[in-house]
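# Structure at a glance
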Amino acid sequence: MEILPGEGVALVRIGESREVVECRLGTPVHPGRLDRAIYETHPMLVLSYGDLDTVELVELAYSGDGGEEAWFDGVQLTYRFMDDVLADLAARGYRYEETGVGYRFEPGFALFSMGSRSARDLDPGAGADDQRTICEGVSVAPYEYFAG
């Protein structure tokens, strides 16, 4: 699934109402809190809704094991080693800043890892002490959302 920095994805755009989203995607598989819901797409979409019940953040989780992943500008973002993703994006001229759990990019997206995967998931020959991080998800919103 291709991300649209600062805007969302083809299925869901920042600013759309929950009603419009649910007409398109159906009811969430996990409604979560009132301001957050998970939808059955490939990869899964996690949407955060603002005060006006409109989408303010679109998140895509990794699929793994051959499932559909998040992409941007020809680069597979999720379920790859974070250093490889960063190198590919930097080679295309995208600047980024480190955050607590990942990296934010000026066009309006952030990559993150919660540490739930190990290097062995992508490299069966990796040792138990291999510290390479796997990109587990991407968040999409206007850059100002991440800068705050």
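Now for a quick tour of the structure.

Conventions and cut-offs
Residues numbered from 1 in each chain as written. Predicted model: local features only at pLDDT ≥ 70, side-chain atom pairs only at ≥ 80, totals over all residues. Heavy atoms only, no water. Helix = DSSP H or I, 4+ residues; strand = E, 2+ residues; numbered from the N terminus. Rg over C-alpha atoms; globule rule 2.2 N^0.38 Å. Salt bridge = Lys/Arg side-chain N within 4 Å of Asp/Glu carboxyl O. Pairing = 2+ DSSP bridges. Axes fitted to C-alpha atoms, helices over the stretch in contact; angles between N-to-C directions. Contact = heavy atoms within 4.5 Å. Buried < 20%, exposed > 50% of the residue type's maximum accessible area, 1.4 Å probe, protein only. Arc of directions from axis to C-beta. Phe/Tyr/Trp six-rings, centres within 6.5 Å; stacked < 30°, edge-to-face > 60°.

From N to C terminus, the protein chain includes three helices and eleven strands. When the elements of the protein chain are put in sequence order from the N terminus, they spell out β-β-α-β-β-β-β-β-α-β-β-β-β-α. What you see for the protein chain is a C-alpha radius of gyration of 15 Å, in line with the 15 Å of a compact globule of 148 residues. Seen through its principal axes, the protein chain has C-alpha atoms that stretch 45 × 30 × 25 Å.

This next bit is on the pattern of salt bridges. Per the stated rule, a full pass over the model turns up ten salt bridges. Via salt bridges that share partners, Asp 123, Asp 130 and Arg 132 belong to a single interconnected network.

The next thing to look at is the sheet that holds strand 5 (residues 55-61). With respect to topology, seven strands assemble into an open sheet ordered 3-4-5-11-10-9-8, the strand pairing being antiparallel. Looking at which strands have only one partner, the edges of the open sheet turn out to be strand 3 (36-39) and strand 8 (96-98). Strand-to-strand twist of the sheet, defined as the mean angle between neighbouring strand axes without regard to direction, takes the value 20°. By the bridge criterion, four bridges tie strand 9 (residues 102-105) to strand 10 (residues 109-112) in an arrangement that is antiparallel. Across the sheet, the residue bridging to Phe 105 is Phe 109, located in strand 10. Lying on the sheet, helix 2 (residues 82-91) is in contact with strand 8, strand 9 and strand 10; it crosses strand 10 at an angle near 155°.

All of the buried residues along helix 2 are Met 82, Val 85, Leu 86 and Leu 89. Along the long axis of helix 2, the arc covered by the buried residues comes to 100°, so they all point the same way. More than 90 degrees from the buried face of helix 2, the exposed residues found are Asp 83 and Ala 91. Its buried side turned inward, helix 2 meets strand 6 (71-72), strand 7 (75-76), strand 8, strand 9 and strand 10. Backbone geometry just downstream of helix 2 places Gly 93 in the positive-phi region, at approximately 95°.

This part is about unusual backbone geometry. Most peptide bonds are trans, and most residues other than glycine sit at a negative phi. The amide bond that connects His 42 to the next residue, Pro 43, takes the cis arrangement and shows omega of -5°. For Pro 43, the position within the fold is in the loop between strand 3 and strand 4 (45-49). In this model, Asp 53 sits at a positive phi of 60°, which is unusual for a non-glycine residue. Positionally, Asp 53 belongs in the loop between strand 4 and strand 5.

The pairing of strand 8 with strand 9 spans three bridges and is antiparallel. Bridge assignment links Glu 97 to a residue of strand 9, and that residue is Arg 104. The hairpin turn running from strand 8 into strand 9, its antiparallel successor, is three residues long. Remark: three residues form the turn of the hairpin made by strand 9 and strand 10, two consecutive strands paired antiparallel; Gly 108 in that turn has positive phi of roughly 115°.

Let us look at the environment of Asp 129. Among the structural elements, Asp 129 can be located in the loop between strand 10 and strand 11 (137-140). Along the backbone, Asp 129 and Ala 119 are ten residues apart, and their C-alpha atoms lie at a distance of 9.0 Å.

Moving on to the packing of aromatic side chains. Tallied over the full model, the rule gives seven aromatic pairs. Where Tyr 96 meets Phe 105, the ring centres are 5.3 Å apart and the plane angle is 45°; that geometry is what we call tilted. With relative accessibility at 0%, the residue Phe 105 sits in the buried group. Put simply, the rings of Phe 72, Tyr 94, Tyr 96, Tyr 103, Phe 105 and Phe 109 pair up and form one aromatic cluster.

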